[in-house]
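# Breakdown of the fold
Residue strings, one per chain:
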Amino acid sequence: MNPTIPTTPRNAVRIGIDVGGTFTKGVALDAVTREVFARARVPTTHRAEEGVVSGVVEVLDALLAELPEGQPVALVAHATTQATNALLEGDMATVGLLALGPASDERLIARRTRLAELRPGGGRRLELRWAFVPSDATDFEARVRGVAERWRAEGVEAVAVSQAFAVDDPSLERRACALVRDAGLPATGGAELTGVYGLEMRSSTAAINASILPIMLRTAGHVERALERRLPDVPLLVVRGDGGAVDLQGLREAPIHTVVSGPAASLAGAILHHGVRDGVLFEVGGTSTNIGAVRAGRPVMKHMTVMDFPTALRAADIRIAGVAGGSLVRLGGRRIEEVGPRSAHIAGLGYASLADPAELADARLVRTAPRPGDPADYAVLEAAGGRFALTPTCAANALELLPDDDPARRPPEAARIAMAALARELNADVEAAARAVLEAAAEKLTDTVRALADAYELRGTPLYGGGGAARVLGPVVARRLGVPFECVPEPDVISSVGAALTLIRVERERNARIDDPTVGDLLLREVEGEAVRLGADPARLQAEVRYLPEERLLRAVAFGAHPVDGHQSELDDEVLLRLARQQLGGTCHLHYRSPVLVLIAGERQQRRLLGRVTRHPVLAMDRRGGRMLELDDAQVTVGAPNEVLLRLDEQLGSGTAPQAYALTPRRLIDCSHLNDPNALRSFLRDLFRLESEVALVLKAS
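Remember, it's a predicted structure, so these values are computed and weren't measured experimentally.

### Details of the overall build of the protein chain
For the protein chain, the helix and strand inventory stands at 20 helices and 36 strands. Here the C-alpha radius of gyration of the protein chain, 27 Å, is about what a compact globule of 701 residues would show, namely 27 Å. Residues classed as buried in the protein chain amount to 56% of the 701 residues present. Pairs at least 24 apart in sequence give 66% of the contacts found in the protein chain among residues at least 6 apart. Just so you have it, the protein chain exposes about 29900 Å², and 47% of that area is on carbon and sulfur atoms. Charged side chains in the protein chain number 82 positive and 91 negative. The centres of these two groups are separated by 3 Å.

What follows is the structure in structure tokens.
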């Protein structure tokens, strides 16, 4: 018998939840029709005993209450600001950095791993301890245990392990992590997070990841228990900053991957729900605005810099501006100096436009410092009903700019009373004062949007708006840039929609008396194929197989993002070839095809000073036309695994291996981190052993 676990029941819904700085929002939707069945929103529970998880549970309960009784749920996915906030606010653990390497290289390794001060913007310093254990010591394990026990007694809360050349062989680094965990401390290894060379970069990445391990372990535990009580056996996934997904174990091991997960989910929602192909998306909240870019139907990515340290991890390129729909107005003399960065939410004030007009009787404008340390030039309305904030949302309501279906729209009376008080201060009329607020807010956003568009050659493309205040500032910014503005569907919950749509998970189990690698590989192929069939992006598919000896079961799991691509239907070979010719130029031929992907290579003549040179550009695409790989010049080998490996032996020398990319019928695998020829041969031999036809791409030097 081969028992399986169904992963997408008929009529099942997906639940997406986004934890924002001001509100926690969620949706329940059908992944095929995109129909939203339920919505929920609660204030983010920063001060609750269980932190923001309490708000996640409240939203989940509200969504489940709106669904029909017995409605199956396929999965729950959420985007979170927890890791970002921990780094920005300095809520970090004391970290011990354990460096490993040959005893003869201790001084060199120390220079690479004794990190300079790590400090988040405006936050407290990350406390670091450092120790070195020789990897060639005969008492290696005893020394590691001794360091871990000493650090635990000194108050170290998490450990980062970083070994020289662990990318080639991470076994010792993993062993050290296991010993540290046995001593009662959470641990992370640099090679677990990234396969790139660069000891200092891996060390800083591991140290930053370790600094948020304790808080994220607590968060994962709270979420896991809450979901188990409500939806047992329903998968829970967390959106990563690259738009992919991890399960709770992945969150526990590498929470750094969830930095900017909320904005990444918004980009995915705009692409999948609105079909955005090229443009800039800005999501306007109550406190800040997240700005990201979409190019060729995919989020624009970059390597993350965290606490001023570069990392080897890629995430969506998100710019954050300290102005939004709830930002307070700052005055300089009789003019508006700035809008933001302080918001009504942080200042503990209600929006004037949301008040009853009677509460604004005898309104007058006062200048104040909303929080200790703030400048005393923020404009606040003092009236019979208390103090109220003057915000861009108030200005938009005073001018009646918001459509009827906008959740921020209110009758204009209260907003006009507030703007009248500001107008007297500015020596202007109500309309002019309201427009001045919107223009000052838009000015801060315009420069950021223009810089992002210029960086990725997107100038002139549309500006797309999401977030609760998208229609407040979006049209003003678009006018200043001279581009069209579009508000995406479901703008208030676009990040929750993105979280729900991007994630696919498949799990299969099979009885097995022993841990048989061949059976495990077959099971792995099965879940990978099923995940891709259900819509997972083969370029970002993650899969693993595990043997459970107590239950005599092999369990394989594949999970990944829905292709973040505007094409929703598959394209035939001729259309894909036409797209490739437009991209590569010259002549193009289809070299490898499968139900999931294609590999197309071309030939192009380039004029040089001393004549012409022939290049062979390569493009791999999924069946929806999404680009998976593009190289200017490469060698392609297609055939049975033994033929491809024999050809590889002819191409490899004794030095560093060229950048390699392997294609199987189900996915593309980046092997560019395998610089050692023997390591590359061994990896490909294992990867190809059950395939009938494969392709190998070697980048030309």
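Okay, back to it.
### Some details on the pattern of salt bridges
Close approach of charged atoms allows side chains with opposite charge to pair. This model, assessed by the stated rule, comprises 36 salt bridges. For the salt bridge of Glu 439 with Arg 479, the shortest nitrogen-to-oxygen distance reads 2.0 Å. One end of the pair, Glu 439, is in helix H14 (residues 430-455); the other, Arg 479, is in helix H15 (residues 470-481), and 40 residues separate them in sequence. The class for Glu 439 is partly exposed, based on a relative accessible area of 25%.

### Quick word on the nonpolar core
Formed by 68 residues in total, the largest nonpolar core has its most connected members in Ile 15 and Val 76. A total of seven residues in this core trace back to one element, the largest contributor, which is helix H8 (residues 213-230). Setting aside anything within four residues of it in sequence, one finds Ile 15 in contact with Val 27, Ala 28, Leu 60, Leu 63, Leu 64, Val 73, Leu 75, Val 76, Ala 77 and Ala 500. Formed by 61 residues, the second largest nonpolar core is a distinct cluster that contains Ala 418, Ala 441, Tyr 456 and Leu 473.

### Structural notes on the sheet that holds strand E7 (residues 158-163)
Hydrogen bonds along the backbone pair up the strands of a sheet, which may run parallel or antiparallel. With parallel pairing, four strands are arranged side by side in an open sheet as E6-E5-E7-E8. Here the strands that pair on one side only, and so sit at the sheet edges, are strand E6 (128-134) and strand E8 (187-189). Neighbouring strand axes in the sheet, compared pairwise and without regard to direction, differ in orientation by 20° on average. Pairing of strand E5 (residues 95-101) with E7 involves six bridges; the strand directions are parallel. Directly across from Gly 96, in E7, lies its bridge partner Val 159. Lying over the sheet, helix H4 (residues 140-154) contacts E5, E6 and E7, oriented at roughly 165° with respect to E6. Together, E5, E6, E7 and E8 form the strand contacts of helix H7 (residues 199-211), whose direction differs from that of E7 by roughly 165°.

### Comments concerning the packing of aromatic side chains
Applying the stated criterion across every chain yields a total of zero aromatic pairs. Above the plane of the ring of Phe 23 lies Arg 41, whose end atom (NZ or CZ) is 4.2 Å from the centre. Positioned over the ring face of Tyr 378 is Arg 330, at 5.5 Å from the centre of the ring.

### Describing the confidence of the model for the protein chain
Keep in mind that low pLDDT regions are not for reading the predicted coordinates in detail. For the protein chain, per-residue confidence averages 85 on the pLDDT scale, and 92% of positions sit at 70 or higher. Note on residues 1-10: pLDDT under 50 across the span, and 20 contacts to partners over four residues away in sequence or across chains. In the predicted structure, residues 564-568 sits below a pLDDT of 50 and forms 25 contacts with residues beyond four places in sequence or in another chain.

### Examining H14
With 26 residues, H14 should cover 38 Å at 1.5 Å per step; its first-to-last C-alpha distance of 38 Å lies within 8% of that length. Along its length, H14 reaches its greatest deviation from straightness, about 30°, at Glu 443. Where H14 begins, one side-chain oxygen reaches toward the backbone nitrogen of Glu 431, 3.3 Å away; that side chain belongs to Asp 429. Looking one or two residues beyond H14, the residue adopting positive phi is Glu 457, at roughly 55°.

### Examining the state of the cysteines
A complete count under the given rule lists zero disulfides for this structure. You can see Cys 394 has no disulfide; the closest cysteine sulfur is in Cys 487, sitting 19 Å from it. With a relative accessible area of 19%, Cys 487 lands in the buried category.

### Here's the deal with unusual backbone geometry
Looking along the chain, the bond that leaves Gly 340 and enters Pro 341 is cis, with omega of 5°. Within the fold, Pro 341 resides in strand E18 (residues 335-343). At Asp 233, a position not held by glycine, the phi torsion is positive, near 75°. Among the secondary structure elements, Asp 233 is positioned in the loop between H8 and strand E9 (236-239). Positive phi, normally seen in glycine, also occurs at Glu 457, with a value near 55°. As for its position among the elements, Glu 457 is in the loop between H14 and strand E23 (463-466).

Rules used throughout
Along each chain, the written sequence defines residue order, and numbers are assigned to residues from 1. Whole-chain, interface and lining totals are the exception, using all residues; otherwise, since this is a predicted model, local features are given only for residues with pLDDT of at least 70 and side-chain atom pairs are given and counted only at 80 or more. Computation of side-chain values: all heavy atoms of the structure, hydrogens and water removed. Only DSSP runs of H or I reaching four residues or more are called helices, and only runs of E reaching two or more are called strands; each is numbered from the N terminus. Only C-alpha atoms enter the radius of gyration, while the globule expectation follows 2.2 Å times N to the 0.38, with N the number of residues. For every residue, the accessible area obtained with a 1.4 Å probe (protein chains only) is divided by the maximum for its type, and the residue is called buried under 20%, exposed over 50%, and partly exposed between those limits. Between two residues, a contact is recorded if the distance between any of their heavy atoms is within 4.5 Å. Methods summary: accessible areas were calculated by the Shrake-Rupley approach with a probe of 1.4 Å, and residue burial reflects only the protein chains presented. The sign given to each residue is positive for Lys and Arg and negative for Asp and Glu; His and the chain ends receive no count. Positions of charges follow a simple convention, taking NZ of Lys, CZ of Arg, CG of Asp or CD of Glu. Whenever Lys or Arg places a side-chain nitrogen within 4 Å of a carboxyl oxygen from Asp or Glu, that contact is recorded as a salt bridge. We call a set of buried Ala, Val, Leu, Ile, Met, Phe, Trp, Tyr and Cys residues a nonpolar core when their side-chain atoms join them within 4.5 Å. Two strands pair under a simple rule: DSSP has to find at least two bridges between them. Here an axis means a line fitted to C-alpha atoms, over the contact stretch when the element is a helix, while the angle between two N-to-C directions is reported on a 0 to 180 degree scale. Centres within 6.5 Å make a pair out of two Phe, Tyr or Trp rings, where for Trp the six-membered ring is used; the pair is then stacked when the planes are under 30 degrees apart, edge-to-face when over 60, and tilted otherwise. A ring has a charge above it when a Lys NZ or an Arg CZ is no more than 6 Å from the ring centre and no more than 35 degrees off the ring normal. The predictor attaches a confidence to each residue, and that confidence, scored 0 to 100, is pLDDT. Helix span, as expected, comes to 1.5 Å for every residue beyond the first. The bend at a residue is defined as the angle formed between two axes, one fitted to the seven residues ending at that residue and one fitted to the seven starting there. Any pair of N or O atoms that falls within 3.5 Å is considered a polar contact. Within protein, one atom must be able to donate a hydrogen and the other to accept it, and sequence-neighbouring residues count only if both atoms are side-chain atoms. Here, a disulfide means two cysteine sulfur atoms that sit within 2.5 Å of each other.

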